[in-house]
Every structure is written in C-alpha cells, then in structure tokens.
Amino acid sequence: MRGVEEAEDGQDAEERRTIKRGREGDDPGIDGEPVRKKIDLTLLPMYRTHDADNLHPDLALTLQHKENYLRDIPTAKHFILTHPDCPEVPNGIWNDVLASNYVNLDRVFSGHYSLDGDPGDIKRIGDFEVISGGSKPDKHIRDKGDWGGAWDTYSEAVAFAYPHREPELRSYGKYINGLFSSLPTAPSRVINYDCAVRTRLARGNRYLLTEVAKFNDLYTLHFIAPGLGGSTSRSTSKTPRSGGRSNDICRRFNEGKCTADPCRYRHRCFSCGGDHGLSTCNTPSGSGGARGQRK
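Residues numbered from 1 in each chain as written. Predicted model: local features only at pLDDT ≥ 70, side-chain atom pairs only at ≥ 80, totals over all residues. Heavy atoms only, no water.

**Student:** Could you clarify how one ought to interpret empty space enclosed by the protein in this entry?
**Tutor:** Which parts of space are left empty comes out when a probe the size of a water molecule is rolled across the atoms. Scanning the model with the defined rule gives two cavities of 30 Å³ or more in all. Looking at the largest cavity, its volume works out to about 260 Å³. As for the largest cavity, its lining consists of 24 residues, and the residues nearest its centre are T62, S100, R165, L201 and A202. For the lining of the largest cavity, the secondary structure elements donating two or more residues are α3 (57-71), α5 (94-98), α7 (144-161), α8 (166-182) and α9 (187-203). Of the residues forming the lining of the largest cavity, the biggest block, four residues, is contributed by α3. Taken together, the residues of the lining of the largest cavity break down into 13 nonpolar, five polar and six charged. Taken as a whole, the second largest cavity holds about 30 Å³ of empty space. Among the residues forming the lining of the second largest cavity, the class breakdown is six nonpolar, one polar and one charged. (1 Å grid on protein atoms, 1.4 Å probe; cavity = no way out; pocket = protein on both sides within 12 Å on 5 of 7 lines; lining within 4 Å. Points joined across faces, edges and corners; volume = space filled by probe spheres on them. Helix = DSSP H or I, 4+ residues; strand = E, 2+ residues; numbered from the N terminus. Nonpolar A, V, L, I, M, F, W, Y, C, P; charged D, E, K, R; others polar.)

**Student:** For this particular structure, what's the right way to read the packing of aromatic side chains?
**Tutor:** Tallied over the entire structure, the rule returns 11 aromatic pairs. Ring geometry for W151 versus Y154: centroids 5.4 Å apart, planes at 50°, classification tilted. Taken together, the residues span about one helical turn, with W151 and Y154 both in helix α7 at a distance of three residues. Assessed through its relative accessible area of 9%, Y154 is described here as buried. Ring geometry for Y193 and Y219: centres 5.9 Å apart, planes at 85°, overall edge-to-face. Linking Y193 in helix α9 with Y219 in helix α10 (residues 216-224), this pair joins segments that are 26 residues apart in sequence. Across this residue pair, the class does not change: Y193 and Y219 are buried. Sitting over the ring of Y154, R198 keeps its end group 5.7 Å from the ring centre. (Phe/Tyr/Trp six-rings, centres within 6.5 Å; stacked < 30°, edge-to-face > 60°. Buried < 20%, exposed > 50% of the residue type's maximum accessible area, 1.4 Å probe, protein only. Lys NZ or Arg CZ within 6 Å of the ring centre and 35° of its normal.)

**Student:** I would appreciate a short explanation of the nonpolar core in the present structure.
**Tutor:** Generally speaking, soluble globular proteins have nonpolar side chains that are buried together. By size, the foremost hydrophobic cluster in this structure holds 49 residues, and its most contacted members are I176 and Y193. Contributing elements (two or more residues each) for this core: α4 (73-81), α5, α6 (105-113), α7, α8, α9 and α10. For this core, the leading source of residues is α7, giving eight residues. When residues no more than four places from it in sequence are discounted, the contact partners of I176 are W147, V190, Y193 and D194. (Core = buried A, V, L, I, M, F, W, Y, C linked by side-chain atoms within 4.5 Å. Contact = heavy atoms within 4.5 Å.)

**Student:** I'm lost on the pattern of salt bridges in this one. Help?
**Tutor:** For side chains bearing opposite charge, pairing can occur when the charged atoms are close. The full count for this structure, using the stated rule, is seven salt bridges. Of the charged contacts in the structure, one is a salt bridge between R165 and E168, with a shortest N-O distance of 3.1 Å. Among the residues examined, R165 registers a relative accessible area of 8% and is labelled buried. For R170, the salt bridge goes to E166, with nearest N and O atoms at 2.6 Å. Here E166 and R170 lie together in helix α8, a separation of four residues that amounts to about one turn. (Salt bridge = Lys/Arg side-chain N within 4 Å of Asp/Glu carboxyl O.)

By themselves, these observations are geometric and do not establish any function.
The following block contains the structure:
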C-alpha cells in the first residue's frame, strides 16, 4: 500500500509541475520548460498612436535615449561606471538618471559627505541583485548653497547620459537660483517648488525644465496661495488694501492677462525683471525677479 501511495504522490507532484509550467508560459520548449511569448507591439494602443515627431526636438531625443536605456539599464550603467569621465555621483542614483525618473537631491547632497560608501549600491549575488543602504538621506538641502552644489552634481550626471539636455539643465539652474535670490527668507518654498517641477517632469514626457509657463499652477501653489505649498515659510510682503501701490510683481501681467489701468502691481517679468511678461520672455533662466502677487 505504501508503494502505491508514494507512486500516487509522485504522480500528483508531476501533474502539479505540469500545470505550473502551463501557467507560466504558452509554448513548451525543447526541454519541457515554458517559453514566454514576446509582446506584440502592434497591439499596443500607445504604439499605434506614437507621435514623437510632433514633440520638441529635445524631448524627442530624450525619449529616444530613454527608450534605449530602459531596454537594459544594468548594461548601460556598466558602460557609464567604467568610463574614464564618469561623473562623481552616488552610484545609487544612476538607475533613476538613466530612466529619467525623479531624483531626490538630498541623496546627492548626502552622498557628498558620506563616509560609508554610496547609499543604494547594487550588489550581485548569483542571479540576484541586492540593493544595500536603502535608508533615508541623513542630510537635507536647506538653502541656496546646498541646492546649488547638489544640482551641479546631479545635472552633470544627467548631461552625461543625455548630452543634449546640458543647456536646459544650465538654464533651469539659473532660474531656480534666481528664485532663491528673490526669496531669501523662504528657501524652503523654492526647494519644494523645484521638487514639484521635477516630479511632474519625471511623470510626463512632454515637459522641458525651461518651459516654466507650464508650471504656473505649481508656482501659485508654492509662492502665491497662502498656507499652501507645503512650506512653513511666510512672505513678509503685504497686499495693498485700498488702491495703494505694491512692490510685488503682477501675476496676471506675466500671464498676459492684466487689463488694469493703472495696475497697483509692478509690470515686470518674473524671470529676468524686464518690462515684458513671463509668457513672452526669451530668457526664462534669468536672474529672477521679485515675488509675484495675484490680483
């Protein structure tokens, strides 16, 4: 009886393995192992409606590089890390840089002072990859100087993987530094705004960092709307109560919508301080103007 039971148990185990193989793949290989079918790209709705040709040339080139890196990020990272001119950045951010994901600049800032190696290093054990040092950054960006140093390091890495983005990164850095200069008492608002902008950029494929007009809602959230933006800093500028002049820059003028004559707010560009609006500014990365005020 025991021999019969063992035979039946062995048969059940083989049946379970057969069922499992059937679930894992559609076509059995030569050795009985399943062979997973490749995806049919022609059936993907986004494949049929791909319109990269209508994008800004820099965005189209970014998507081309991104698609290529995502095919095999470990191999791409291997060539970067073995290149003589590899930027000195924490190894743990390279995957996100190549995939054009959001990168927390606190990680870059912390890595500059780290004495324990790079956080987030990937170690290979057999066929597995183990990510070590996944703790939160122990240092945080608090002001213009911290942000500028981390940004220079981060943008060097991005420009190494996406060389055509170097002018865009440089211009955006000047723009954010301009905001720090115009809001010296509220650096946290600028830091939060930068995080929000780069998060939106990482989630979509139709934004350039220099297209600041596309982030007007984020600007309002972090600089204009009281109590919003996730910042504890408060502006010291007050809105005039009854027809007085204000030193604040007119928000609607920068959007090309101001019809007040005269206007109680200054008609100056948020970015460069010129007598035109931000919507028509040719130098969005200028030195930055004073804080705007919505009427």
